[in-house]
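# Analysis of the macromolecular model
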Amino acid sequence: MIRARVLGPAALAGTALVATGQAGAADFTDVTDRVGLAGKPGFRLSIADVNGDGYPDILLHRQANYGTGSWFDRSFLYLNVQGDDPSDPFDRKFVDFTADSGIRANRQGTATGRHSDGAVFADVDNDGDLDMFTPVYVHDNLTSPTDKNDLMLNDGAGRFALAPGSPFHQEMLYNTAAAVFTDYDNDGKVDLFIGNWYRSGALTQDQLYKGGGDGTFTNVTASSGIGSATTSVYGIAVWDWNGDGYADLFAPPYAWTALGSTPIHWKNNGNGTFSRYETVSNYDQDRGFLSGVASFGSMPADFDNDGDVDFFEILTHGRGDGAGSVHSTAVANVAGVFSWDYDRVDGRDAEDPDITHHGDHYESWFDYDNDGLLDFALTESGYGNNRIYLFRQAPDHTFSPVTVASGLNEINDLDLPPHNVMPVDYDLDGDEDLLVGFADDATGVRMYRNEVGTANRWLVVSLEGAGGPGRSNRAAVGARVRVTAGGSTRTREVYAGNGHLCPQVPLSQHFGLGQADIVDSVEVRWPNASLSTARRTYVPVNRFIRIREGCAGPPDPANLRADRSGSDVVLAWDDPGLPGTSWSVHRDGQPDPSVWGRPIAAWISDGDPATPGIQYRDTGAASPASSSSYYLATAVNECGETPLR
């Protein structure tokens, strides 16, 4: 294992820190005790950087007893801090911040605590930090006194207070089983879509709220059109299905015994309204009334790298393996029509002792080996067959299990009941680790460190919207990122909460690059009124980069000078004095920069800080002495890059 992180202002430039691990080890190592999470039960998991230090923090939700109403103060917030070895930048641990966080405050101002069953995070007031919506789910117990859905605002340091302008606690007890932040109208203000389970055995309605950008929300369920349908869901999702820049809504049913229960695809009309589209998109397959299966959610990702968003359907009560049976599977988006190919996920019978019934609960996409192809982890529990699976993607976009040798199989050997399984690069070493929660409220969560991902190259992209009219929401929820490297383009979208009861993953976008030696381009489509774009070129691999919307990019480097120094050429130019700025150096034998290719050095820092200006030494470029070249330096920071001209 090779672990490397690039440090520096906005992670745009700095020093590569490298650590090595033991060859031949399992893909994942249990580091739960080392990171301070031993004995900390967690059923549902949400991950977000709540204090803005760049490291992902964890919100754990313990299992509630819905029959007795024992559900107060079941949430715990853990901050990601430096570990016990201050000399090791990859040594991290989690400390309990619950008491100081304010997350247990209730509307009554009493000491009894608060009921919440999950959390999704986005910047609802565009002030630069992540706020939190908490749903309340009561299963069949609708008569017990409890809190309701609510919103909490962040002070930027991970301390939360109940939002004064929130409407959620003033509405009815919906029995909310899912919630997703989105910006469905691209007005730069975060909106909210919630999915609800049965009420007294009857179908109910999902709800849509339009954000005011200041922590207030307005219920637009009726005017948007989604109030025209009844549902009962466990998981919902939001993604841009047709690439038009507007987020579509997906509500797969958990119910199959209720007449009228059907999968719903709400197509975004681009004018604040939605239309039913599941029969056109083929989203309405194999679930709903009389199907015998229930959906735990549709989890979006472009797994086949063709530029549109596909999804994984989590099916509880599925059966069999491969073709010829209905079970959880990856569903491809083929020109806007979903293709249900059950043979795409095959070989489960090699690891599953009972394929006659699958109690699947959660799935997470991630590229665990950074080869450029998304893999996934899947869990099942609650039906007498507790399992976790790791499926690796092949180049033909089929998936096969590799759990036994992965280091995760100890969960199966111990017959533990896994629920959420969340990819999180907790130590910022460039590969995605796994946090696993369990459904029994007794087993502590487990953190598994990835030991193989940094053998390949990678890139992590974080986005910051500008907020305000004509701009994107500050958390950039709904942005689309395309990274081209090694002859392949990989597409991601920024999501906040897809799935059952808010299993939020980090908002930063992780890209495995295989053995690519440079990133040809990073393209961002912002979720704003004009769907404006940003582009970075020739980005070095193994970097964390940040891209901001709507800020002034760096000026052209001024007064470029080139001098021979033996067989080298030493370049120098003026230092603009802008923190977080790096430079790329181009060299070519002819004078027209518009046709030049990649730089000879990308995103470099000052090679001689003791000398005024910026210096770069092009080793061997002056040999032979009769040779001549043209040079150009360009600048890049989190706001933009100067062009070749």
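Above this text you will find the structure in question.
Residues numbered from 1 in each chain as written. Predicted model: local features only at pLDDT ≥ 70, side-chain atom pairs only at ≥ 80, totals over all residues. Heavy atoms only, no water.

## Side note on the overall build of the chain
Put simply, the test is: Only DSSP runs of H or I with at least four residues qualify as helices, and only runs of E with at least two residues qualify as strands; both kinds are numbered from the N terminus onward. We compute the radius of gyration over the C-alpha atoms and compare it with the globule rule, which gives 2.2 Å times the number of residues raised to the power 0.38. Note on exposure labels: buried denotes an accessible area under 20% of the residue type's maximum, exposed denotes more than 50%, and partly exposed covers the range between, all computed with a 1.4 Å probe on protein chains only. By definition, residues are in contact when any of their heavy atoms lie within 4.5 Å. Areas reported as accessible are Shrake-Rupley estimates using a 1.4 Å probe. Residue values count occlusion only from the protein chains shown.
A tally of regular secondary structure across the chain gives 4 helices and 45 strands. Its C-alpha atoms give the chain a radius of gyration of 25 Å, within 12% of the compact-globule value 26 Å for 645 residues. Each of the three principal axes of the chain carries a C-alpha extent, and together these read 85 × 50 × 50 Å. Residues classed as buried in the chain amount to 60% of the 645 residues present. Counting contacts in the chain only where the partners sit at least 6 residues apart, residues at least 24 apart contribute 59% of the total. Surface summary for the chain: the accessible area is close to 22,300 Å², and the carbon and sulfur share equals 50%.

## Side note on the sheet that holds strand β42 (residues 601-604)
Here is the rule we go by: By the convention used here, strands pair only if DSSP detects at least 2 bridges between them.
Taken together, 4 strands build an open sheet; the order of strands is β42-β41-β44-β45 and the sheet is antiparallel. A single partner strand is all that each edge strand has here, and the edge strands are β42 and β45 (640-641).

## Observations regarding the sheet that holds strand β14 (residues 207-211)
As a reminder, the rule being used: Axes, fitted as lines to C-alpha atoms, cover a helix only where it is in contact. Angles between the N-to-C directions of the axes lie from 0 to 180 degrees.
Strand order in the open sheet formed by 4 strands is β12-β13-β14-β15, and the pairing between neighbours is antiparallel. Strand pairing shows two members of the sheet lacking a second neighbour, β12 (176-182) and β15 (217-219), which therefore form its edges. Taking each pair of neighbouring strands and ignoring which way they run, the sheet shows an average axis angle of 25°. Sheet analysis places β14 next to β15, joined by 3 bridges and oriented antiparallel. Bridging from a neighbouring strand, Y209 pairs with N219 of β15.

## Observations concerning a nonpolar patch on the surface
Our working definition: Patch membership requires over 30% relative accessible area and the absence of a salt bridge. Like charges are linked within 9 Å, and nonpolar side chains (Val, Leu, Ile, Met, Phe, Trp, Tyr) within 5 Å. A pair is scored as a salt bridge if a Lys or Arg side-chain nitrogen falls within 4 Å of a carboxyl oxygen belonging to Asp or Glu.
A contiguous nonpolar patch, built from L259, F289 and L290 and spanning about 360 Å² of accessible area, is present on the exposed surface. The residue L259 is located in the loop between β17 (248-251) and β18 (264-268) in this model. L259 gets classed as exposed once you look at its relative accessible area, which sits at 70%.

## Considering the pairing of β12
Where burial is concerned, most of β12 is hidden: 7 out of the 7 residues are buried. Pairing of β12 with strand β13 (residues 191-196) involves 6 bridges; the strand directions are antiparallel. When the bridges of β13 are listed, F181 appears paired with L192.

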